[in-house]
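Residues per chain, in single letters:
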Amino acid sequence: MMRLGRAGARALRGPLRWGPGGAAPARGAEVLVGAPGGESGGIAEILMNRPHARNSLGKVFVNELFSALERLRFDEKVRVVVFKSEVKGVFCAGADLKEREKMDDAEVGLFVKRLRNLMDEIAALPVPTIAAIDGYALGGGLELALACDLRVAASSAKMGLIETTRGLLPGAGGTQRLPRCVGVGLAKELIFTGRQIDGHQAFSMGLVNHTVPQNDEGDAAYQRALTLAKEILPQAPVAVKMGKLAINRGIEMLALQF
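The text that follows walks through the structure, step by step, so that each part is easy to find. Remember, it's a predicted structure, so these values are computed and weren't measured experimentally.

## Observations concerning the sheet that holds strand 10 (residues 158–160)
Read across the open sheet, the four strands follow the order 6-8-10-11; overall the sheet is mixed. Every other strand in the sheet has two partners, leaving strand 6 (90–92) and strand 11 (197–198) as the edge strands with one partner each. Note: strand 6 against strand 8 (residues 136–138), two bridges, orientation parallel. Bridged to Cys-92 within strand 8 is Ala-137. Across the sheet, helix 4 (residues 140–147) is in contact with strand 6, strand 8 and strand 10; its angle to strand 8 comes to roughly 95°.

Following this line, the structure appears as C-alpha cells:
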C-alpha cells in the first residue's frame, strides 16, 4: 500500500475504495485520488502532484483533474472532498505558461475555456469541497481554490490573481468568484494590482475561512481542513448537499439581478 502525505492518504486507481489494498497510482500521475486513513471514512482527497512545474495547470494535469472529479461525483460514499498539494510550499502556481507559449490563439482560447469548465465542475460537485492552501496559490491556482466551497490557508501561504502583471486576465472564473468572497471593490483592487496576500490578510478579507500557523511538515492548512471535513461528516448528507445547492442557486439568482 502506498502512503501519501502525513495523514496517510492511500493513492487509488479506478473507482474510489475505502478499505485497505488500494492500488498504486499510474506511474507519473499528476493528480491522485486518495482517502485519509483512520476514522475519516467519507472524506476523499484530490492530491495535486506535479512537482517539476509547481502544480501548474498543464494539459495532462487538467485532464487528470477532470477524471478525478468524474470518479468522485458518482461515488455515494464520498461526503467531503479536500484538495491538497503533494508539493511542499505550493498549492497551485496557476496556468502552465510554458505550454501556453507553444499554443496559437485558437488553442489558447480553447484551453482557457477548458479551464473555466474545470472550475465549474469543481464548484458543481454535489458535496462540500475544501481547499487546503499550504503554499502559493496564484492565478489559476487561486481560481481553483475559489471554486471550492471552503478554503483554509497557512499564514505563510501566498495568494493572488496575478494575471494583470503578465498582461492577462483571470479567465477561469476568478472575476466572478473573488467578488463574492471579498466584495466588488476589494476584488477590483486585488485584480487591478495583481497583489499577492498572505494567509492572515486573506482571512481578514474573507477570502479564506481559516488561517493557521505553518508547521514543520508544511501541511498545517491540510490538517485544519481535515478537522473541518470531520466536523461536516456527522451531519445528514442529503441535508448538506441540499444546503450547498440552495446556497449556490441563491447566489446565481442574486447575480442575475445586477
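Text resumes after the structure shown.
## Some words on a nonpolar patch on the surface
A contiguous nonpolar patch, built from Val-238, Met-242 and Leu-245 and spanning about 280 Å² of accessible area, is present on the exposed surface. With respect to the helices and strands, Met-242 occurs in helix 9 (residues 237–256).

## Comments concerning the environment of Ala-29
Along the chain, the position of Ala-29 falls in the loop between strand 2 (9–12) and strand 3 (31–35). Measuring from C-alpha to C-alpha, the distance between Ala-29 and Val-60 comes to 8.9 Å, with 31 residues separating the pair along the chain. Beyond its immediate sequence surroundings of up to four residues, Ala-29 is in contact with Asn-49 and Glu-64.

## Some words on the packing of helix 4 against helix 5 (residues 174–182)
Helices that pack against each other are described as a pair by the angle of their axes relative to one another and the distance between those axes. Close contact between helix 4 and helix 5 brings their axes to 10 Å; oriented N to C, the two are set at 55°. Comparing their axes, helix 5 and helix 4 come out oblique. Of the two elements, helix 4 crosses helix 5, and the hand of that crossing is left-handed. Residues Glu-143, Leu-146 and Ala-147 of helix 4 touch helix 5, and the partners they reach there are Gly-174, Arg-177, Leu-178 and Cys-181. Considering only residue class, the contact of helix 4 with helix 5 consists of four nonpolar, one polar and two charged.

## Let's talk about the packing of aromatic side chains
Summed over all chains, the structure comprises zero aromatic pairs. Arg-54 extends its terminal NZ or CZ atom over the ring of Tyr-136, reaching a point 5.4 Å from the ring centre.

Each value, and the rule that gives it
- Residues numbered from 1 in each chain as written.
- Predicted model: local features only at pLDDT ≥ 70, side-chain atom pairs only at ≥ 80, totals over all residues.
- Heavy atoms only, no water.
- Pairing = 2+ DSSP bridges.
- Helix = DSSP H or I, 4+ residues; strand = E, 2+ residues; numbered from the N terminus.
- Contact = heavy atoms within 4.5 Å.
- Axes fitted to C-alpha atoms, helices over the stretch in contact; angles between N-to-C directions.
- Patch = residues over 30% accessible without salt bridge, like charges linked within 9 Å, V, L, I, M, F, W, Y side chains within 5 Å.
- Areas by Shrake-Rupley, 256 points an atom, 1.4 Å probe, with all protein chains shown as cover.
- Salt bridge = Lys/Arg side-chain N within 4 Å of Asp/Glu carboxyl O.
- Parallel < 35°, antiparallel > 145°, perpendicular 65-115°, else oblique.
- Left-handed = near helix turned anticlockwise from the far one by under 90°.
- Nonpolar A, V, L, I, M, F, W, Y, C, P; charged D, E, K, R; others polar.
- Phe/Tyr/Trp six-rings, centres within 6.5 Å; stacked < 30°, edge-to-face > 60°.
- Lys NZ or Arg CZ within 6 Å of the ring centre and 35° of its normal.

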